[in-house]
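Observations on chain architecture
Single-letter residue listing:
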Amino acid sequence: MAAINRKFYRGEKGLEYKDSLEARMLSILKEHADDLEEYLSTGEERFIIGDMSRLRENLLSWYPFQKNASCLEIGAGVGALTGFLAGRMNSVTSIEMTESRANVIAARNKERDNVEIVLANLDDVEFDEPFDYVVVVGVMEYARRFIQAEHASVRFMEKAKSFLKKDGVILLAIENRLGLRYFAGAGEEHTKRQFLGLNSYDTYDYVRTFSRSELEDILDRAGFADWRFFYPFPDYGMPSEIHSDASLELLPYAHKYYNPTLRRYRFFDETRLFRTLQKEGIAANFAHHFLVEISNGTLSDHHILYAHAPLECGKKDFLVTTLVQRDGTLFLEKREVYKNGKVQKLYGAYQKLIEKGHHTFRYNPLAIEVDAQGDAVLIQPYHEGKTLREELLEAMERVLECNDEHLSVRIAAFLSIFSTFARAWRTHAECCDNYGDEEFVALFGKGETPPLPCVEGSALALSAGDFRKNGDSSYTVVGYEHIALCAVPVDFLLYDFITAWYKETVTGYQNAEKLMALDDILKAAGIAAEHTALYQAWQKHLYAGLHSNHVMEHMACPVYEPAFLHVDDVKAYASDSASTLLV
């Protein structure tokens, strides 16, 4: 059982950041010991989801930790990452300043004997042995609250450095003071005050975040020799993607605005502007958050340029995908974060799918290897070329930037992408009236199965980024994690792809929804309106099985469009969000 060490404890006087939710967390851990993630997915505990969900682990699930390493966690909070780190390393020591939070960490790790919780202020702690890793997530910005020094942030990093082995690594996550969302109307992360960070916090003394150059200056002054920046999206709390400087040049940014848990304004289209910043080569300076890999010496090259971890998956179906570059060659790796047999299962299904033959699209080949740690890894080549996501984004841009007589032509060109893609997907489909076999029912549920054109086996839950265009204008399916070997109606696959893309990319943008209506896209793709209710039912059943984690559905709050910027709304907004919107 995780032990609490009180050797350095000096009390909690003056600690103003306690959430007063720790008692409720302890109750939840007791009541839902076996189904915590499922319970959080109900949305009943919306304001503690961010502290308790497994999705917090996405921040580091991709990182190649040494297996027999030791780790110090500074400011563990309520242990969002503690258990994950303990599962990846030999020992974890977590520093936390408040007893209520230490108790939550202990309860979350009651089955682990490699976790020690040190109840103390960082400045009071000493250790006999240095650590291989020091993890600091969402803590450094509060340094002046518990470090008594003129330059508290520098002193904080010097202290963290003192705990590190000569060849050790610090992993630091912190908000970017110049994150694009703050320009677009979101309040500063900790205070919810508009433009506070952009104005260098004025005289506000409780918290400080930093721009990239400011953070680099702190690291340099603290005596670090080497560091490497990564960019978690949407943020470090529950990221689905981890970008590097290299991947921001390689991959298109397609996130909609991120909607934090308090209401906010959106003064401009963050997604479109961020893509412009990518083209200008300055997007990294405006990423919402930073994840920095820092070393006393020279960082070893783990070759990882990008990582993707789904926000919908639970432990039973969770794979993390990384884009890796070795000897100038790019390729994808898929790994299990938890031992769930998913790698072997996906590889076996892929082999059977390929044996069936007659596929409309080529499938990016899968190979299976065993890495140095003895873990099975799926390997895929990385295909150069434009993805369907990029193709659609570019067509959207052309529509949204047009306000003259060419608008109808551009909308028609946008819709033609869907009609052409739909014709290609139907190429090898054959009408089938007996496709409701046992596998189909398990995936899509019982119900009506009218005669429809079907394909014999297909990857499921495909996104626009999973299709990459070849030189002959055909497509290769480059990313997939779910495969059906039964017959599947091709129009359902199209419906699922289109509606998922629309929700991810268009929904929420009033002008885009008006110009590019979902019904018009489905019509262009030849999806019969009389079958959409059936496809919706199949889709609901499919994702209930594939996506066992529904936490993110409960994290969104209203976003006010610029059109609603009038005095009454501003007053209501400021009152509801404890904000001080400057107008």
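As the structure is a computational prediction, the values presented were derived from the model and not from experiment. Counting of residues starts from 1 at the beginning of each chain's written sequence and follows it residue by residue. The model is predicted, so local features are restricted to residues of pLDDT at least 70 and side-chain atom pairs to those at 80 or more, both for listing and for counting; the totals for chains, interfaces and linings are taken over all residues. Just so you know, side-chain values use all the structure's heavy atoms and leave hydrogens and water out.

**Quick notes on helix 11 (residues 270–280)**
Given 3.6 residues per turn, any residue in an α-helix points the same way as the ones three and four places further on. Definition in use: Each residue is assigned to one of three classes by its accessible area relative to the maximum for its type, calculated with a 1.4 Å probe on protein chains only: buried under 20%, partly exposed between the two thresholds, exposed over 50%. For the purposes of this entry, the term helix denotes a DSSP run of H or I that reaches at least four residues, the term strand denotes a run of E that reaches at least two, and both are numbered from the N terminus. The directions considered for the arc are those from the helix axis to the C-beta atoms.
Along helix 11, the residues classified as buried are Glu-270, Thr-271, Phe-274, Arg-275, Leu-277 and Gln-278. Mapping the buried residues of helix 11 onto a view down its axis gives an arc of 160°, with all of them on the same face. Every exposed residue of helix 11 that faces more than 90 degrees away from the buried side is listed here: Lys-279 and Glu-280. At the C-terminal side of helix 11, Gly-281 shows a positive phi close to 80°.

**What about the pairing of strand 3 (residues 91–96)?**
As a reminder, the rule being used: One bridge is not enough; two strands pair if DSSP finds at least two bridges between them. Assignment of crossover handedness uses the view with strands pointing away from the viewer, where a clockwise path from the first strand over the helix to the second indicates a right-handed crossover.
For strand 3, the tally of buried residues reaches five of six residues, placing the bulk of the element in the interior. Of the strand pairs in this sheet, strand 2 (residues 70–74) and strand 3 are connected by five bridges, and their pairing is parallel. The residue of strand 3 that forms the bridge with Glu-73 is Ser-94. Between strand 2 and its parallel partner strand 3, the chain crosses via helix 4 (residues 82–88), and the hand of that crossover is right-handed. Of the pairings in the sheet, the one linking strand 3 to strand 4 (residues 115–119) comprises five bridges and is parallel in character. By the bridge assignment, Val-92 is partnered in strand 4 with Val-115. One crossover worth recording links strand 3 to the parallel strand 4 by way of helix 5 (residues 99–108), and it is right-handed.

**Topic: the confidence of the model for the protein chain**
Note the following rule: Confidence scores labelled pLDDT are given residue by residue by the predictor and lie between 0 and 100. By definition, residues are in contact when any of their heavy atoms lie within 4.5 Å.
With 89% of its residues at a pLDDT of at least 70, the protein chain reaches an overall mean of 87. Segment residues 563–567: pLDDT under 50, and six contacts once partners within four positions in sequence are set aside and those in other chains are kept. In this model, residues 573–583 is a region of pLDDT below 50 whose contacts with residues beyond four sequence positions or in other chains number 27 contacts.

**Focus on the side chain of Glu-293**
Heads up, the condition is: Throughout this description, a polar contact denotes any pair of N or O atoms lying within 3.5 Å of each other; where both atoms belong to protein, one of them has to be capable of donating a hydrogen while the other can accept it, and for residues adjacent in sequence the pair is counted only when both atoms sit in side chains.
Mapped onto the elements, Glu-293 comes out in strand 10 (residues 289–295). For Glu-293, a relative accessible area of 2% puts it in the buried group. Polar contacts involving the side chain of Glu-293 include one to the side chain of Tyr-63, which spans 2.5 Å. Here the side chain of Glu-293 touches Arg-228 through a polar contact of 2.6 Å, side chain to side chain. Sequence-distant contacts of Glu-293, defined by excluding residues within four places in its chain, comprise Tyr-63, Val-169, Ile-170, Leu-171, Asp-226, Trp-227, Arg-228, Phe-230, Leu-299 and His-302.

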